[in-house]
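# An overview of the molecular structure
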Amino acid sequence: MRENLQGLQGLDGTVTARNIHAFVSGDTALLRAHWELTTTGADGKPLHLEGHTAEVVQRQPGGHWLYVVDHPFGAGPL
């Protein structure tokens, strides 16, 4: 996950995300979101990427959530 995020950060674009679902069961949740990235490709042309995520998170003792599984292209379109 860290490698993928670092690669996206290097694109120097604008990322937007919209949460679609959060199914919570105890301290575990299944999440789904739609994301879009607008940037400039290596060829200087505009580049637009988007996808739907599938993620599993677990609530930690301090109350924050930790990603256990993150699949940025893990869910089909609505």
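Described in the following lines is the structure provided in the data block. Computed from a prediction, not measured in an experiment: that's the story for all the values here. (Residues numbered from 1 in each chain as written. Predicted model: local features only at pLDDT ≥ 70, side-chain atom pairs only at ≥ 80, totals over all residues. Heavy atoms only, no water.)

## Quick notes on the overall build of the protein chain
Rules: Secondary structure follows DSSP: runs of H or I at least 4 residues long count as helices, runs of E at least 2 residues long count as strands, and numbering of each begins at the N terminus. The classification of residues rests on relative accessible area computed with a 1.4 Å probe and restricted to protein chains. Under 20% of the type maximum is buried, over 50% is exposed, and intermediate values are partly exposed. Should any heavy atoms of two residues lie within 4.5 Å, those residues are considered in contact. Accessible surface is estimated by sampling points in the Shrake-Rupley manner with a 1.4 Å probe; for residues, cover comes only from the protein chains shown.
Looking only at helices and strands, one finds one helix and four strands in the protein chain. Counting the 78 residues in the protein chain, one finds 18% classified as buried. Here the analysis covers contacts within the protein chain between residues at least 6 apart in sequence; of these, 33% occur between residues at least 24 apart. Counting every atom, the protein chain has about 5,800 Å² of accessible surface; 55% of that belongs to carbon and sulfur.

## Concerning the pattern of salt bridges
Definition in use: A pair is scored as a salt bridge if a Lys or Arg side-chain nitrogen falls within 4 Å of a carboxyl oxygen belonging to Asp or Glu.
In total, this model carries one salt bridge according to the counting rule given. Between Asp27 and Arg59 there is a salt bridge, with the nearest N and O atoms lying 3.1 Å from each other. On the criterion of sequence distance, the pair formed by Asp27 in the loop between β1 (14-25) and β2 (28-40) and Arg59 in strand β3 (residues 46-59) is long-range, its members being 32 residues apart. Judged by its relative accessible area of 34%, Arg59 falls in the partly exposed class.

## Points about the side chain of Glu55
Looking at where Glu55 falls in the secondary structure, it is placed in strand β3. With sequence-adjacent residues up to four places away left out, Glu55 is seen in contact with Ala29, Leu30, Leu31, Tyr67, Val69, Asp70 and His71.

## Remarks on the environment of Thr39
Along the polypeptide, Thr39 turns up in strand β2. Measuring from C-alpha to C-alpha, the distance between Thr39 and Val15 comes to 8.8 Å, with 24 residues separating the pair along the chain.

## Let's talk about the pairing of β3
For the record, the criterion: Any two strands are treated as partners once DSSP identifies two or more bridges connecting them.
Judged from the eleven bridges that link them, β2 and β3 form a sheet pairing that is antiparallel. Its bridge partner being in β3, Thr28 is matched across the sheet by Gln58. The hairpin turn running from β2 into β3, its antiparallel successor, is five residues long, and Gly44 in that turn takes a positive phi close to 85 degrees.

## Describing the pairing of β1
Both faces of the sheet carry side chains from a regular strand, because those side chains alternate between them. Within β1, only zero of the twelve residues are buried, which leaves the element largely exposed. Summarising the sheet, β1 and β2 pair through eleven bridges and their orientation is antiparallel. Residue pairing for β2: Thr14 is matched across the bridge by Thr38. Counting the residues in the hairpin turn of β1 and β2 gives two residues, including Gly26, whose phi is positive at 65 degrees.

## Some words on the environment of His71
Counting through the fold element by element, His71 comes out in strand β4 (residues 65-75). On the basis of relative accessible area, His71 is assigned to the partly exposed category, the value being 42%. Residues His71 and His52 lie 19 residues apart in sequence; the distance between their C-alpha atoms is 8.7 Å. Residues within four places of His71 in sequence aside, it is in contact with His52, Thr53, Ala54 and Glu55.

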